[in-house]
Structure formats: C-alpha cells, structure tokens
Amino acid sequence: MRIPRLTLVVAFTVLFIYLTVPGQDTVRTVRRAKSATEPAVPTNVEPINLSGLKDLISKPKDKPLLVNFWATYCDPCRDEFPDLVKVDSDFRPKSLDFVTVSLDDVGDIKTKVPQFLAQMKATMPAYLLDVSDPEPAINAVDPKWQGDLPATFLYNAKGEVVFRAFGRVNTAALREAIEHLVKN
Amino acid sequence: MKKRTVSIVLAALFVITAAVIAGSGRTSEVPTPPAIGATIDEFSLPDVNGQEHTLKSLKGKNGTVLIFIAVQCPVSNAYNDRMEKLAQDYKDKGIAVIGINANSTEDVATVKAHAAEKHLTFTILKDAGNKVADKLGAARTPEAYFLDANNKLLYHGRIDNSQNQDAIESNDLRQALDSALAGKPVEKPEAKAFGCSIKRA
C-alpha cells in the first residue's frame, strides 16, 4: 500500500517536535535510567556561609562554573535535578565545574539533603547555605535575583555570568550555553 | 505542487519548533518590579468565590499589603499563621492585607480549600493570567508589597528573614507598616528572601 507523501511529512513533523521539545517524559526516563548506572555518589553536604559563597562565585576560575540553587521542598528544583546530574556527567570531563547550593534548613544537612542527592546519584560538590539573613547572599549572587527557586547561574572563566535561569531551567538552552563556553 | 506542500510543512515545522524551544525558556523573564515610591495602578481580580474586586474596594484607609501566596509552596505555607496574624493585627489600624495566588498550577477551588484549611480569613484573589504578578514583577511566594493610602509603593520584599519563627531577627514588613503608621519613612524599603518561583501561565 502506498502512503501519501503528505501523510509521511506530517507524521515526521509530529515525531520531530515530540523529540526536540526539552523535558519530555520519555527523554527524562531515559536520562534517569542512564544516570542510575553512574558510581561514586558523595553524600557529604558542606555548610557554606556568606563569605564562603562569595569566594566560591568570585574567586579566579580557570574554567566555567555552573551553580544551581535548590531545596528539597521545591518541586521544580527536584524536577530539574536529573537533567542537571546529566549535565554534570556530560560536561565535567570537558572542564566544567558544577556545584549545588541547597537552601534547606541547616538541620537537614545530614538527612533530607544528602538523601535526595544520593537518590539522584548526584556527584557534583554539594553545599548548604548557612546564613541567618538570606538577602546579602541573594544580592551577592545577582542583584536581579528575587530569591525565587530554583535558580541557575553559569559563569565563564572570567567570572562573568553568561547564563541565568530563575525557575525551572531550560536544559537545552543551558547545554547550549555550556557548549559555547567549553568550546572557547 | 507536492514540493511546495513539503516546503510549507517544513517551514511550519521550523517555526513551531523554534517557538516551543523559545517558549520553554521564559522562566527567566519576570518583569522588573516597580521602583519604591512608584504609584501602583488600579487593578481588578476575582476572589476565590468568583466575585470581582478592585484594589480601591479592598484597600485600607492607611494602606494595603498585597502578598503573593501559594497552596503547595512550603515557604509560603510556613508563613500562613504569620500572614493571618498580620491581617488581624493591622485591620484596626486601617491597613488591609490581601493575598494573591498567581500560580497557574493551582486552580481557584484548590486555593479556596487551602484557605479554609489553613484558616486564612483575609481576602485572597486569583490572578489567573499573572496580570497583577507581571505588573508588580512578583517572582516568588511569599512576596509582599505595601502600598500607602495613595497606592504608592513603600515596601517590597519578604515578610521577615526566616521561615523558622524561632530565627526571626528582622521583621521587615511589620517594621515598614509601623513606620508608615507613625508617619516616618520606611528605613528598609526592600528585603529579599528565598521562596518558590511563581508558576506563570
């Protein structure tokens, strides 16, 4: 039986859109399954204070740095985490530094936070912000940031922010921005 | 003819894909909030019973507090009792407290049920299309705006410095209200805290 060409084109169009939209459930399932095979999971979460955070983002870098601010209580943070773990495993070998900073309560530093990171098979260095007043920390990272979570910042080797996302990150756009940095 | 059809379909495919990819990145584009001292325009939104209210009809004679709140955000929920107490404490002082839910993921029935369950008695408006959230540049929950009797923005930001009531060191919103009631300038008109991002439509 001969299938009309237009039908084929429409079918491929739908398939192409389905596969190229970031965050598809099927794509995520594949990513989770792959990341589950990765070994060496640190469960140690380091507390970080304001000066530690400032040092982390402003110290001279010899390679790009990605920082993700998140919390276990934040749904979109948990939702995007498998994508970020994949970003880490794909780009760390290409000279990307990636750290996560949890905004959970410091009382959760040995429980909820490492438990979630272990569940995600997250291997990037993990910190938990330990400050009584969050405002100086938010402004130190980016004066434009209102403190909404999650928030993701990509710094080039000069320490300049070249990509920022407030709310769930567009993984395709983030990967593109990292590709651009690690190529140059 | 067929070649032309294929070209049209491929062009449409390109445009649709580009639009979808561009659209999925809009989370970063929360409008800039108005500056302190700016006058907030009149607006109208429905409450959880579908009744329409204007800012003018709800505002207090000495000012109005607008707080963007959420049903599912644990940070916003940590402040339920504090927001209700704020509304009660300042009602007799002529300052009205109004909650606004702008999360597209939380429908009006859910917002109504949540308010009843958490004993929130102040008016809660549903900002289904982020009309007011965009106008105010609201990014997270909870996030507060204090307007004086003439709708001039006197304070924008957090309620206080900590989700944990035992760790409160800076009661920023209450200090702003008390300063205004005493006829004094607000010493700290902006203060930030972490919160859940508003899920825009």
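Computed from a predicted structure; not experimentally measured.

Caption draft 1: Representation of the environment of Glu169(B) within the structure. Tracing the sequence through the fold places Glu169(B) in the loop between strand 8 (153-157) and helix 7 (172-181). Looking at Glu169(B), the number of C-beta atoms within 10 Å reads 9, which means it is exposed.

Caption draft 2: View of the sheet that holds strand 5 (residues 148-149) of chain A. Overall, mixed pairing links the three strands, which are arranged 5(A)-10(B)-6(B) in an open sheet. Every interior strand has two partners, whereas the edge strands, strand 5 of chain A together with strand 6 (140-141) of chain B, have only one. Bridge count for strand 5 of chain A against strand 10 (residues 195-197) of chain B is two bridges, and the pairing is parallel. Bridge pairing in strand 10 of chain B places Leu149(A) opposite Cys196(B).

Caption draft 3: Spatial organisation of unusual backbone geometry. Here the amide bond leading from Leu149(A) into Pro150(A) is cis, since omega sits at -5°, within 30 degrees of zero. The residue Pro150(A) is located in the loop between strand 5 and strand 6 (151-155) in this model. In the segment running from Thr141(B) into Pro142(B), the intervening peptide bond is cis, with an omega of -10°. Non-glycine residue Ser95(A) carries a positive phi angle of around 70°. Note that Ser95(A) resides in the loop between helix 4 (75-91) and strand 3 (97-102). According to the C-beta neighbour criterion, Ser95(A) is exposed, with 12 such atoms within 10 Å.

Caption draft 4: Quick peek at the sheet that holds strand 7 (residues 143-147) of chain B. Residue and element names in this part refer to chain B. In space, the six strands of this open sheet follow the order 5-4-3-7-8-9, with mixed pairing throughout. Edge strands, defined here as strands with exactly one partner in the open sheet, are strand 5 (123-126) and strand 9 (190-191). Sheet analysis places strand 7 next to strand 8, joined by four bridges and oriented antiparallel. Residue pairing across strands places Phe 146 opposite Tyr 155, the latter belonging to strand 8. Contacts between helix 4 (residues 80-91) and the sheet are confined to strand 3 (63-68) and strand 4 (95-101), with strand 4 contributing the most and set at about 150° to the helix.

Caption draft 5: Local environment of the confidence of the model for chain A. Residues and elements named next belong to chain A. Here chain A averages 84 in pLDDT, while 77% of its residues score no lower than 70. The spread of mean pLDDT over the elements of chain A runs between helix 2 (residues 25-35), the lowest at 37, and strand 4 (residues 126-129), the highest at 98. When the criterion is pLDDT under 50, residues 17-39 qualifies, and its contacts beyond four places in sequence or with other chains add up to 27 contacts.

Caption draft 6: Up close: the pairing of strand 3 of chain A. Residue and element names in this part refer to chain A. Both strand 2 (residues 65-70) and strand 3 contribute to a ladder of six bridges, which runs parallel. The partner of Leu 65 across the bridge, within strand 3, is Asp 97. What joins strand 2 to strand 3 is helix 4, and the crossover it makes is right-handed. One ladder, built from three bridges, connects strand 3 with strand 4; its direction is parallel. When the bridges of strand 4 are listed, Ser 102 appears paired with Leu 128.

Reading the values: the criteria
Residues numbered from 1 in each chain as written. Chains lettered and ligands numbered in written order. Predicted model: local features only at pLDDT ≥ 70, side-chain atom pairs only at ≥ 80, totals over all residues. Helix = DSSP H or I, 4+ residues; strand = E, 2+ residues; numbered from the N terminus. Buried ≥ 20, exposed ≤ 12 C-beta atoms within 10 Å, placed from the backbone. Pairing = 2+ DSSP bridges. Contact = placed C-beta atoms within 7 Å. Axes fitted to C-alpha atoms, helices over the stretch in contact; angles between N-to-C directions. pLDDT = per-residue confidence, 0-100. Right-handed = clockwise from strand over helix to strand, strands pointing away.

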